[in-house]
Structure formats: structure tokens, C-alpha cells
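Structural overview for review
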Amino acid sequence: MRAHQGGHPTAAQSIGDYYLKGEDFPKDRAAGIDWYRQSAARGAVSGNAGLARLIEKGTPDERREALQAWAFVAWRGSEKAATEARAKLAGADATDLAATLQTVLAQAGFDVGTADGQLGPKSRAAMAELQSQTGTTADDPATLLPQAVGYLFFRGKPRIDLF
């Protein structure tokens, strides 16, 4: 707990593991996932990957949260982790992927209209503005989403609404 209170990014993940396994804490999947969310929000690649694995088959909101976590791993992870994450993004439902990209762009301050999974004129303009600001040539949601997550992370805004 002391490491978590001190801000160590993977400490929350370790606490989440205790809840998921029922070690030192009562077994509680929801509490374990919440601790993984805290680890992910602090920028832990392993926390993001673990969170994505835990929720990627959940509700539509959880699936989109998982895509955002996979995008972080694709952006910041080791080559092995990033390769797995890019494969998850490439195989994702197109509507979920587009809606996740729209959500991240909106969190970063771009006007995308509604995050409805349809890449209309506002979303396309926001994507072009991100490309301009980051120098990326990525133009499909699966490859642009990690760039958008990285942009958001360095802007100091919350990656996902956790609190």
C-alpha cells in the first residue's frame, strides 16, 4: 500500500492481483479491476495490458476502455507487448474502434461531434489536426489510436474517466 500511496504505477496492479486471486483480501473481481484501472491511469504498461485482458469481452463501454488500454500498450509497450496490442487493435470491431478514437480525441480537446463510431466530417477533421500536431501519417483508427492516446497522455489529461 505504501508504494501505491507514493504513486508507484504498478503498485495498484499488484493490489488488484491480490483481489483477483483472493490473497490477503477477499476475492473480488470488481475491486481487482478498479485497482488495475488505477495502475493504467498512472501510465503502467502492464497495468493497461492487464486491464484490457480483464475487460475486453465485457460491456460495450468496457470493450472500448480495453481498446484504449491496448492503444496505450501499442504506444508505450515493449516490442512484444506492442505487437500483441497492435494485433488486438487491428482485429477490433470497427465501430468500437472508431468510437474509442473519437472519445480519446474529444478528451484531448478536439471537436469530433458525437462519439458514435461513425467517422464523419468533424471526426476526420480532428484526425487530420492530430496528424498535423504529432507529425504522424497514420490515418486509420487502429494505427492512429495509439498516437491519440500518447498525445492525450502527454497533455496531462486523464486517459479515461476513472474517478
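Note that the structure is a prediction, hence the values are computed from the model and not measured.

**Topic: unusual backbone geometry**
- Its identity as a non-glycine residue notwithstanding, Asp24 has a phi of 70°, on the positive side.
- Mapped onto the secondary structure, Asp24 falls in the loop between helix 2 (11-21) and helix 3 (29-41).
- Given the relative accessible area of 69%, Asp24 is considered exposed.

**Remarks on the packing of helix 7 (residues 94-107) against helix 9 (residues 141-154)**
- At their nearest, the axes of helix 7 and helix 9 sit 9 Å apart, and the two run at 25° to each other. Our classification of the angle between helix 7 and helix 9 gives roughly parallel. Remark: the crossing between helix 7 and helix 9 carries left-handed chirality. Residues Leu97, Thr100, Leu101, Val104, Leu105 and Gln107 of helix 7 form the contact with helix 9, whose own contacting residues are Pro141, Ala142, Leu144, Leu145, Ala148, Val149 and Leu152.

**Quick word on the packing of aromatic side chains**
- Summed over all chains, the structure comprises eight aromatic pairs.
- On the numbers, 6.3 Å between centres and 50° between planes, the contact of Tyr18 with Phe25 is tilted.
- For the pair Phe153 and Phe154, a centre-to-centre distance of 5.7 Å together with 80° between the ring planes defines the contact as edge-to-face.
- Look at Phe154 and you get exposed, because its relative accessible area is 62%.
- Put simply, the rings of Phe72, Trp75, Phe153 and Phe154 touch in pairs and so form one group of aromatic residues.

**Re the environment of Ser123**
- Inspection of the secondary structure assignment puts Ser123 in helix 8 (residues 121-134).
- Residues Ser123 and Val112 lie 11 residues apart in sequence; the distance between their C-alpha atoms is 4.3 Å.
- If sequence neighbours within four positions are ignored, Ser123 has contacts with Gln102, Val112 and Gln118.
- Looking at Ser123, its side chain comes within polar contact range of the main-chain oxygen of Val112, at 3.3 Å.

**Considerations on helix 5 (residues 60-76)**
- In a regular helix each residue adds 1.5 Å, so 17 residues correspond to 24 Å; helix 5 covers 24 Å between its end C-alpha atoms and thus fits that length.
- Taken together, the buried residues of helix 5 touch helix 3, helix 4 (45-55), helix 6 (79-90), helix 7 and helix 9.

**Notes on the pattern of salt bridges**
- For the structure on display, the rule yields eight salt bridges.
- For the salt bridge of Arg37 with Asp34, the shortest nitrogen-to-oxygen distance reads 3.2 Å. One end of the pair is Arg37 and the other is Asp34, both in helix 3 and three residues apart, which spans about a single turn.
- Between Asp96 and Arg63 there is a salt bridge, with the nearest N and O atoms lying 3.1 Å from each other. Of this pair, Asp96 sits in helix 7 while Arg63 is found in helix 5, placing the two residues 33 residues apart along the sequence.
- Under the relative-accessibility criterion, Asp96 is labelled buried at 7%.
- Look at the salt bridges and you will find they share partners, linking Asp34, Arg37 and Glu65 into a network.

**Let's talk about the confidence of the model for the chain**
- Of all residues in the chain, 91% have pLDDT values of 70 or greater, and the mean over the chain is 90.
- The least confident element of the chain, judged by mean pLDDT, is helix 1 (residues 2-5) at 52; the most confident is helix 6 at 97.
- Across residues 157-163 the pLDDT falls below 50, and counting only partners more than four positions away or on other chains, this stretch makes 23 contacts in the model.

Conventions adopted
Residues numbered from 1 in each chain as written. Predicted model: local features only at pLDDT ≥ 70, side-chain atom pairs only at ≥ 80, totals over all residues. Heavy atoms only, no water. Helix = DSSP H or I, 4+ residues; strand = E, 2+ residues; numbered from the N terminus. Buried < 20%, exposed > 50% of the residue type's maximum accessible area, 1.4 Å probe, protein only. Axes fitted to C-alpha atoms, helices over the stretch in contact; angles between N-to-C directions. Parallel < 35°, antiparallel > 145°, perpendicular 65-115°, else oblique. Left-handed = near helix turned anticlockwise from the far one by under 90°. Contact = heavy atoms within 4.5 Å. Phe/Tyr/Trp six-rings, centres within 6.5 Å; stacked < 30°, edge-to-face > 60°. Polar contact = N/O pair within 3.5 Å; in protein donor to acceptor, adjacent residues only side chain to side chain. Expected span 1.5 Å × (residues − 1). Salt bridge = Lys/Arg side-chain N within 4 Å of Asp/Glu carboxyl O. pLDDT = per-residue confidence, 0-100.

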